[in-house]
Amino acid sequence: MQTAQELYQSKRGTARDALNHLRDGDMIIVPTGVGEPPALLTALSEERRRFNDIKVSQILAMRKYGYFDPETAHHVRHSALFLGGASRAGGQAGWCEYIPNYFSEIPTLIQRGLMPSDVVFAMASPMSPHGFFSLSLGCDYTMAAVAKARVVVLEVNPNVPFAHGQCHVHVSQVTALVETEDPIMEVGLPTIGPVQEAIGKYVADMIEDGSTLQIGYGGIPDAVVMQLTNKRDLGVHTEMIGDGILKLVECGAINNTKKTLVPGKMVATFALGSRKLYEFMHNNPMIEMHPSDFTNDPYIAGQNDKLVSINASLQVDLLGQCGSESIGHLPYSGTGGQVDFVRAANRSRGGKSFIVLPSTAKDGAISRIVPSLTAGTHCTTSKNDVNYVVTEYGVAQLRGKSARERANALIAIAHPDFRGWLREEAQKMCML
């Protein structure tokens, strides 16, 4: 029997060598965000005309690789689980595919064969003495794909942290290994303006000491984080770990001591931030990275007492329905983990879920609080799930409220310029 080191050496090769394991029609599963392997995806882009009907499936692509090309989409095309800057134009034009999903359920789609997982391309840490790699930057649905895939190719990089949790792949599970040393892509904190700061203060004031946080990416969630530095005994059970959370650890606000599920540990499924964050994750017993069917499952996450979820939306109607992923019929992002964590917070003892959004768009020309969602809008979070809606003008608490009470509460936090119009429209719909 070969040792782990002997297996490692036997599987080393170039990114181009790894492409020889592909077959026409394959679905390649790639981790979230910076867990994507740039050398492998660059080689695939350069050689894409060799193949037919290859799909690359990922929840958030960070780089616009060469295969993001409508002219060669019949060779290799992106199959998005969530649209971002790299994939949005293709998703809206139709040459990138989009698969609707809840983040928590993607592993189940793979396990049950509802979503193919022929090949895995992923970034990984260097191998441990015991023969394990860590998919610390994005274990999400990738661990489920590793268990099902015909081919597993890891891009091994010394800058990838070796994290604890359910994120480890043994060398015996790997088909091919490609070694790189480039720095891991860094993603800075979003810009926070006065509107985001005002929304952040409303939310921060409602977060109690000892709460467990789920914080999404964006200016408003980070505005909340910046105003939590005086809180105590906070915990983390989230999908994304970023630099905002790191700042709260450094100032002592997060220590995870009051968590009721996995106490003492921060739990996440992917990382998106700076080199400092990635270094902080390395061999840190405070952090556990788990697949999204653990981090995002509402039943599991809701076992945290005082779970707080903070997620952004594009539009909210007077019943409380949230259109968070499209502009009319045009897809913009995806469901992601918003519904997962809204439901988890609703299950949590003492939990609170916040949907946050500026009151207007297009420099004040359009109200984001609307009578009904714009025709064609993808409804992300239902009226039955939404708890708190927050704009820079205040907080509307909706659960347990009638349609009339909801309309009044949401009009009160809309921009003053649109409140009269909203009231007139609500009266036409017999809501007021």
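Everything numeric here is computed off the predicted structure, so don't read it as measured data.

> Tell me about empty space enclosed by the protein, and please be specific about residues and values.
Overall, the coordinates contain two cavities of 30 Å³ or more when judged by the stated rule. If you add up the space inside the largest cavity, you get close to 120 Å³. Lining of the largest cavity is provided by 16 residues; of these, Asp222, Met240, Gly242, Asp243 and Gly244 occupy positions nearest its centre. Secondary-structure elements contributing two or more residues to the lining of the largest cavity are helix H8 (219-226) and helix H9 (243-250).

> Describe in detail H9, supporting the description with residues and values.
With six of eight residues buried, H9 lies mostly within the body of the structure. For H9, the complete set of buried residues consists of Asp243, Gly244, Ile245, Leu246, Leu248 and Val249. Check the buried side of H9 and you find it contacts strand S12 (212-215), H8, strand S13 (235-236), strand S14 (240-241), strand S15 (266-268) and helix H10 (275-281). After H9 finishes, the residue Gly252 shows a positive phi value of roughly 90 degrees.

> So what's going on with the pattern of salt bridges? Residues and values would help.
If you walk through the whole model with that rule in mind, you get 19 salt bridges. Between Arg77 and Asp53 there is a salt bridge whose closest N-O contact spans 2.9 Å. Taken together, the residues Arg77 in strand S4 (residues 76-80) and Asp53 in the loop between helix H3 (38-46) and strand S3 (54-58) connect sequence positions 24 residues apart. Judged by its relative accessible area of 16%, Arg77 is buried.

> Can you explain the UniProt feature "domain: Acetyl-CoA hydrolase/transferase C-terminal" (unreviewed entry) in the protein? Please cite residues and give values.
Residues annotated by UniProt as "domain: Acetyl-CoA hydrolase/transferase C-terminal" (unreviewed entry) correspond here to residues 273-426. Taken as a whole, residues 273-426 contains 31% helix and 24% strand, while its terminal C-alpha atoms sit 43 Å from one another.

> I'd like a description of the packing of aromatic side chains, backed by residues and values.
One pass over the full model with this rule turns up seven aromatic pairs. Taking the centre distance of 6.1 Å and the plane angle of 25 degrees together, the rings of Tyr8 and Phe133 count as stacked. One end of the pair, Tyr8, is in helix H1 (residues 4-11); the other, Phe133, is in strand S7 (residues 132-134), and 125 residues separate them in sequence. Given a relative accessible area of 0%, Phe133 falls into the buried group. Summarising the aromatic geometry, the rings of Phe103 and Phe270 are spaced 6.3 Å apart at their centres and angled 50 degrees between planes, so their arrangement reads as tilted.

> Any chance you could break down the environment of Thr42 for me, citing the residues and the numbers?
By secondary structure assignment, the location of Thr42 is in helix H3. Residue class for Thr42 comes out partly exposed when judged on its relative accessible area of 33%. Residues Thr42 and Arg16 lie 26 residues apart in sequence; the distance between their C-alpha atoms is 9.5 Å.

> I'd love a proper account of the layout of surface pockets, names of residues and values included.
Each pocket or cavity is described by its volume, and for the largest pocket that value is around 1,300 Å³. Together, 49 residues line the largest pocket, and Ala312, Leu314, Ser324, Tyr332 and Ser333 are the ones closest to its centre. Breaking the lining of the largest pocket down by element, the ones donating at least two residues are H8, strand S18 (307-312), strand S21 (326-327) and strand S25 (366-367). Ranked by residues supplied to the lining of the largest pocket, first place goes to H8 with three residues. Here the lining of the largest pocket is built from residues that sort into 21 nonpolar, 24 polar and four charged. Here the second largest pocket is characterised by a volume of approximately 190 Å³. Grouping the constituent residues of the lining of the second largest pocket by class yields six nonpolar, two polar and three charged.

Scoring rules and cut-offs
- Each residue is numbered by its place in its chain's sequence as written, counting from 1.
- Whole-chain, interface and lining totals are the exception, using all residues; otherwise, since this is a predicted model, local features are given only for residues with pLDDT of at least 70 and side-chain atom pairs are given and counted only at 80 or more.
- No hydrogens and no water enter the side-chain calculation; it runs on all heavy atoms of the structure.
- Of the grid points, spaced at 1 Å and generated over the protein atoms alone, those admitting a 1.4 Å probe that cannot get out make up cavities, while open sets with protein on both sides within 12 Å along at least five of seven lines make up pockets; any residue with an atom within 4 Å of a point is treated as lining.
- Grid points are joined across faces, edges and corners, and a volume is the space filled by probe spheres set on the points.
- Under the DSSP-based scheme used, a helix requires at least four consecutive residues in state H or I and a strand at least two consecutive residues in state E, with every element numbered from the N terminus.
- Partly exposed residues are those whose accessible area sits between 20% and 50% of the maximum for their type, while under 20% is buried and over 50% is exposed, using a 1.4 Å probe and protein chains only.
- Any two residues whose heavy atoms approach within 4.5 Å at even a single point are treated as in contact.
- For salt bridges, the criterion is a side-chain nitrogen of Lys or Arg within 4 Å of an Asp or Glu carboxyl oxygen.
- UniProt positions are given in the numbering used here, feature names are shortened, and annotations may be inferred rather than shown by experiment.
- Planes of paired rings set the category: under 30 degrees apart is stacked, over 60 is edge-to-face and the rest tilted, where pairs are Phe, Tyr or Trp rings (Trp by its six-membered ring) whose centres lie within 6.5 Å.
- Only Asp, Glu, Lys and Arg are considered charged, only Ala, Val, Leu, Ile, Met, Phe, Trp, Tyr, Cys and Pro nonpolar, and every remaining residue, Gly among them, polar.

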